[in-house]
Amino acid sequence: HQPPRFGRMAEEEAETLAEEEEETPPEEGVPSPAADAPPGETDAGPSTETAALGGPDDGGDTMADTMADTSFQAGADESILHSTDAPAGSVSIDFVILPEGYGQTKVVDVTRTIGQIRVELENELSIPENSLFLMNLSGAAEFRELLPDERMMMDFGVKAGDRVGIELRINYYQEQPAEDYVMPDTLELRVSDAHGTDKVVTVHVQRPVAEKPYMGGFRNKQSGSTFHHAITQTAPLQKKEIHSIRFHREVQTYQYRTRSTQCKKDNGTQMPKTGLFVDTANDFELLPRKPYFSSADKSALVLEKCVVIQCHARGMVARRRANQLRKERNERLELQAKEAERRQLEADLRHKREVERRMHPKTFEDFNVLYKELEAWRLNEANRIAKSGFDEAARRAAQRELLHKETKLLQTIDKLKIQAHTQNRDSKIKKKLESMANPKVWAQCDGETTTVHTPYTTRAKELMDLYSGLRLPLLTVDERLDVLLHVKWTVKEFDCNLTREVVDLIDREADMLNRGRPEKSFVGLRRRLANLFLQFIESPEFNPEAMKFQKVSRQLYDQTGTHPLSTVPIKALGQA
């Protein structure tokens, strides 16, 4: 059963064919399908002749062969009759555009005609009508010619569910815009002379190299011919090229002198002849003092001197080239020597750095290197002991010795860690105090900078000096007491628990110094005093420059339960 859309398209095609048959009478001997049909039948309804032709069960292939051999009108009528009993289904078609080779696969109903498929493809490709050609059906069915528009896919033997391929060729011409008129190189003109004889004159066209002005012309009132000014038909005037060099340097700087090559301006010679006697009594011959120097001799001399000059010139060029090569070689060798020296210095510094980072490690990476090397040494020793072939007692003793050495090395690494932590802390504190004490640097508009010492930086510098004095070792008793006295005067300007504790520690150390206690007894006391004074320096209330180095806001710090700047006395442990 066919869908309604295909039935309407078939009816429209049948009406078009009926109108064409009314305009063009059928030929003699060819029966008309409409005339043979019974009067009670319609174009769309089934008939007894349709059953006689055969349906899809009996004789479907014979009817397709008969439709391929009939004319366009008969094929259209039979396609309408055939569409009623055609089987429903779809087929996959692979379209390939030649010669580009682009491909696309579409699913099409087997009852679709080639013309309908072509129209859909033309609309999809946006190309003019009747400019697409479908040919060379391959796959489930074979057809090696141009596919007729009136035949359906099932007429070629294609069944529902099959897959076929069709080649597409596009052939159309787009209308090109008209080009501007281009005058040919020669023109053949037919001219009549005074006797009325026609003569063909060939005129060579000269292309304009510049735009010429319009000078007007005149028009013949009798014939209507227009004549332009003669300048429009002639070549433009070319300026004469001046080959002589003007204002040259030789004209302005060279001095010219005129010299005559003759001994006398006017001279004459009289020869004897018949009727003329010339007295030769006083004549005498003059011989040249030197042999005559001919032009050939001059050319040979010039050639000889040219060869000498050429030898000297070539020698000069060769010497310059040799000097340049020697200079480049020396520079290259010097550069190579400097590069080798730089690489050797870098290698030495790298080796020194590796030794230093193992002897005095400071960073986390340095200790990782020590731990990795210790682990590699332990594994190597363990493998050596395992492969040595010792008996059980000797192997146990070697393992105990290895464990003892590993423990000693780990203890050494821990000591180095403590030393590195102390050094890193001291360097960090020193850097922080120096940053507080550095003067302000202001940039000016002219690019220069101005160093300004403010009261805050001066205060920070004084506190840094006092802290450095507290950390100095090997001081005499008088020098130590002088430093403690200055620190005490500095902190007593403020009254709080922190300053009271610092003053108490200073008084205690001064008392111990006066009693002559040994240096070992001052280690803990001095470390505690230095830490409390460092806390005093880092407090913005005592050192305003320390405000920008605070990691926690002072408002949050003041909200805590313990406040070092509180004036409430601190109760000793065990007191009620």
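Residues numbered from 1 in each chain as written. Predicted model: local features only at pLDDT ≥ 70, side-chain atom pairs only at ≥ 80, totals over all residues. Heavy atoms only, no water.

K.L.:
Outline empty space enclosed by the protein, supporting the account with residue identities and numerical values.
P.N.:
All told, the structure shown has three cavities of 30 Å³ or more when counted by the stated rule. As a volume, the largest cavity reaches approximately 50 Å³. Partitioning the lining of the largest cavity into residue classes produces three nonpolar, three polar and no charged. (1 Å grid on protein atoms, 1.4 Å probe; cavity = no way out; pocket = protein on both sides within 12 Å on 5 of 7 lines; lining within 4 Å. Points joined across faces, edges and corners; volume = space filled by probe spheres on them. Nonpolar A, V, L, I, M, F, W, Y, C, P; charged D, E, K, R; others polar.)

K.L.:
Kindly report on the pattern of salt bridges, identifying the contributing residues and their values.
P.N.:
Summed over the entire model, instances satisfying the criterion amount to 34 salt bridges. A salt bridge links R396 to E392, with the shortest nitrogen-to-oxygen separation between them at 3.1 Å. Separated by four residues within a single helix, R396 and E392 lie in helix α10 (residues 392-437), roughly one turn from each other. Its relative accessible area of 42% is what places E392 among the partly exposed residues. (Salt bridge = Lys/Arg side-chain N within 4 Å of Asp/Glu carboxyl O. Helix = DSSP H or I, 4+ residues; strand = E, 2+ residues; numbered from the N terminus. Buried < 20%, exposed > 50% of the residue type's maximum accessible area, 1.4 Å probe, protein only.)

K.L.:
Summarise the packing of helix α8 (residues 295-359) against helix α9 (residues 364-387); cite the residues concerned and give the values.
P.N.:
Two elements in contact, α8 and α9, have axes separated by 9 Å at closest approach and are oriented at 85°. Overall, the two elements α8 and α9 adopt an arrangement that is roughly perpendicular. Together, R353, R357 and R358 of α8 and E365, D366, V369, L370 and E373 of α9 make up the contact between the two elements. (Axes fitted to C-alpha atoms, helices over the stretch in contact; angles between N-to-C directions. Parallel < 35°, antiparallel > 145°, perpendicular 65-115°, else oblique. Contact = heavy atoms within 4.5 Å.)

K.L.:
Let's hear about the sheet that holds strand β5 (residues 163-170): which residues, and what values?
P.N.:
Across a sheet, paired strands are connected by hydrogen bonds in the backbone, their directions being either parallel or antiparallel. Spatially, the five strands line up as an open sheet ordered β2-β1-β5-β3-β4, and their pairing is mixed. Looking at strand neighbours, the two that pair on one side only are β2 (102-109) and β4 (143-146), the edges of this open sheet. Ignoring strand direction, the axes of neighbouring strands in this sheet form an average angle of 25°. Sheet topology note: the strand β1 (residues 90-98)/β5 ladder contains seven bridges and is parallel. Its bridge partner lying in β5, I93 is registered against V164. Set on the sheet, helix α6 (residues 114-125) makes contact with β1, β2, β3 (132-139) and β5; between it and β3 the angle comes to about 120°. (Pairing = 2+ DSSP bridges.)

K.L.:
Which residues make up the pairing of β5, and what are the values?
P.N.:
In this structure, β3 lies alongside β5, joined through six bridges in antiparallel fashion. Bridge pairing links G139 to V164 in β5.

K.L.:
Could you give me a rundown of unusual backbone geometry, with the residues and numbers involved?
P.N.:
One non-glycine residue, S126, adopts positive backbone phi at about 60°. Among the secondary structure elements, S126 is positioned in the loop between α6 and β3. Judged by its relative accessible area of 64%, S126 is exposed.

K.L.:
Lay out the packing of aromatic side chains with the relevant residues and their values.
P.N.:
Going through the model one piece at a time under the given rule, you end up with six aromatic pairs. Between F536 and F542, the ring centres sit 4.4 Å apart and the planes meet at 15°, which makes this aromatic pair stacked. Residue F536 shares its accessibility class with F542, and that shared class is buried. Members of the aromatic cluster, connected to one another through ring pairs, are F494, F533, F536 and F542. Over the face of the ring belonging to F367 we find K417, whose NZ or CZ atom lies 5.8 Å from the ring centre. (Phe/Tyr/Trp six-rings, centres within 6.5 Å; stacked < 30°, edge-to-face > 60°. Lys NZ or Arg CZ within 6 Å of the ring centre and 35° of its normal.)

K.L.:
Describe a nonpolar patch on the surface, with residues and values.
P.N.:
Together, L189, V191, V201 and V203 make up an exposed nonpolar region whose accessible area comes to about 270 Å². Secondary-structure elements contributing two or more residues to the nonpolar patch are β6 (186-192) and β7 (198-204). You can see V203 is positioned in strand β7. Judged by its relative accessible area of 32%, V203 is partly exposed. (Patch = residues over 30% accessible without salt bridge, like charges linked within 9 Å, V, L, I, M, F, W, Y side chains within 5 Å. Areas by Shrake-Rupley, 256 points an atom, 1.4 Å probe, with all protein chains shown as cover.)

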